[in-house]
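Now for the letters of each chain:
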Amino acid sequence: QATILLEFYSATGGDSWNDRSGWASGQGDGCDWYGVECDGGGNVVAISMKNNGLTGTPPSTIYRLPELTKLDLMANAIDFRLVASK
């Protein structure tokens, strides 16, 4: 799941986010990164990036996180037409 999260980071201008705590280093499984919430088994269940300076188009690979139930990207300058993965 960290690979998918890092694809998301790259595609949405992660280096320019208002808060990118944990994301910039790419260390760990993502559960302690800003805006990421995991369940007890370490599965990503929510990503909350409201008003965090995201840009670009989120990759559709984000939906490959099997336990993801919340994706809050409101108030960001992103294109919500998710790009199909290759």
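Here the structure is a predicted model, which is why all the values come from computation and not from measurement.

1. Notes on the overall build of the chain
- For the chain, the helix and strand inventory stands at 1 helix and 5 strands.
- What you see in the chain, going N to C, is helices and strands ordered as α-β-β-β-β-β.
- Since a compact globule built from 86 residues should have a radius of gyration of about 12 Å, the 12 Å found for the chain is in line with a globular shape.
- Considering the chain as a whole, with its 86 residues, one finds that 36% of them fall into the buried category.
- Considering only intrachain contacts with a sequence separation of at least 6, the fraction spanning at least 24 residues in the chain is 51%.
- Carbon and sulfur atoms make up 48% of the accessible area of the chain, which amounts to about 4,800 Å² in all.
- Computed over 6 positive and 10 negative side-chain charges, the separation of the two mean positions in the chain equals 10 Å.

2. A short note on helix α1 (residues 2-11)
- Residues Ala2, Ile4, Leu5, Phe8 and Tyr9 constitute the buried set of α1. In an axial view of α1, the angular spread of the buried residues amounts to 160°, which keeps them on one side of the axis. Turned more than 90 degrees away from the buried face of α1 sit Thr3 and Ser10, all of them exposed.
- Next to the buried residues of α1 lie β1 (36-38) and β2 (44-48).
- Phi turns positive, to about 70°, at Gly13, one or two residues after α1.

Reading the values: rules and limits
Residues numbered from 1 in each chain as written. Predicted model: local features only at pLDDT ≥ 70, side-chain atom pairs only at ≥ 80, totals over all residues. Heavy atoms only, no water. Helix = DSSP H or I, 4+ residues; strand = E, 2+ residues; numbered from the N terminus. Rg over C-alpha atoms; globule rule 2.2 N^0.38 Å. Buried < 20%, exposed > 50% of the residue type's maximum accessible area, 1.4 Å probe, protein only. Contact = heavy atoms within 4.5 Å. Areas by Shrake-Rupley, 256 points an atom, 1.4 Å probe, with all protein chains shown as cover. Lys, Arg positive; Asp, Glu negative; His and termini not counted. Charge placed at Lys NZ, Arg CZ, Asp CG, Glu CD. Arc of directions from axis to C-beta.

That's the geometry; what it means functionally is another story.
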